[in-house]
Amino acid sequence: VKINALDSEGTLLWQKSLPVDLLLQDILALDDGGCIAACSKVFSSPYMFFFCFDRNGNEILSDSLLLKQSTEYSFGDYGQVNLMHAANGNILVYGYCYDLSYASTFSCEYDYTINPLWEKVFTSGEGSFLNGCVLTPDGGYLFAGSAVDFSTPVATANVKLIKTNASGDAIWIKHYSPKEN
């Protein structure tokens, strides 16, 4: 994995290589011109790996974290990590992780030195995914994903929405079935 920083005209400013056994999951631009990258192992691991670079490409932080409430699950080949700015300016990390047959959806807030502030595991199930998130006007979050039922001959997916407060506590979780034509 290589991270390239470009100016507004596409000129390469700097390039950094990450360890060869990592998959880049997401990257977040920081207000100071730097960035933070979230990675996972190519072959599943319960750890999330973070690398932070300043605006000049200097590595200012690298760390790995275990999703504490879900240590039996894996990222990499079996999960997804997403980054966004939290309502209070910190970093919101969310997504899903798997073992070979079971998934867990999660959200965590970290400060810019990757110290955990809170961690929530929302739902577990055979096909449980979180793929998107937006800030809500009340300072909370609305997570979107899907819940797939594999128990029928043809798997069906429902849209899953999770509304939380600013600390990641679930206010409600709703599933919406697809309409049949």
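Anyway, here's the lowdown on the structure attached to this text. (Residues numbered from 1 in each chain as written. Predicted model: local features only at pLDDT ≥ 70, side-chain atom pairs only at ≥ 80, totals over all residues. Heavy atoms only, no water.)

1. Remarks on unusual backbone geometry
In this structure, isoleucine 114 takes a positive phi of about 60 degrees despite not being glycine. Here isoleucine 114 is to be found in the loop between strand S9 (103-110) and strand S10 (116-125). (Helix = DSSP H or I, 4+ residues; strand = E, 2+ residues; numbered from the N terminus.)

2. Quick notes on the pairing of strand S6 (residues 59-66)
Two elements, strand S5 (residues 47-53) and S6, share 7 bridges in a ladder whose sense is antiparallel. Note that in S6 the partner of methionine 48 across the bridge is leucine 65. Where S5 folds back on S6, the antiparallel hairpin that results is connected by 5 residues, among which glycine 57 adopts a positive phi of roughly 90 degrees. (Pairing = 2+ DSSP bridges.)

3. A word on the nonpolar core
Core analysis: the largest hydrophobic core is formed by 18 residues, its most contacted members being Ile36, Phe50, Leu83, Val93 and Ile114. For this core, the secondary structure elements donating two or more residues are strand S4 (35-41), S5, S6, strand S7 (74-85), strand S8 (91-98) and S9. Apart from residues no more than four positions distant in its own chain, valine 93 is found in contact with Met48, Phe50, Val81, Asn82, Leu83, Phe106, Ser107, Cys108 and Tyr110. (Core = buried A, V, L, I, M, F, W, Y, C linked by side-chain atoms within 4.5 Å. Buried < 20%, exposed > 50% of the residue type's maximum accessible area, 1.4 Å probe, protein only. Contact = heavy atoms within 4.5 Å.)

4. Some thoughts on the packing of aromatic side chains
Using the criterion set out here, one finds 5 aromatic pairs in the structure. Ring plane angle 40 degrees and centroid distance 5.6 Å describe the contact between tryptophan 14 and phenylalanine 53, whose orientation is recorded as tilted. Note that tryptophan 14 is positioned in strand S2 (residues 12-17) and phenylalanine 53 in strand S5, a separation of 39 residues in sequence. Owing to a relative accessible area of 2%, phenylalanine 53 belongs among the buried residues under this scheme. Aromatic rings pair up to connect Tyr94, Tyr141 and Phe143 into one cluster. Geometry around tryptophan 172 places lysine 174 over its ring, the cationic atom sitting 4.8 Å from the centre. (Phe/Tyr/Trp six-rings, centres within 6.5 Å; stacked < 30°, edge-to-face > 60°. Lys NZ or Arg CZ within 6 Å of the ring centre and 35° of its normal.)

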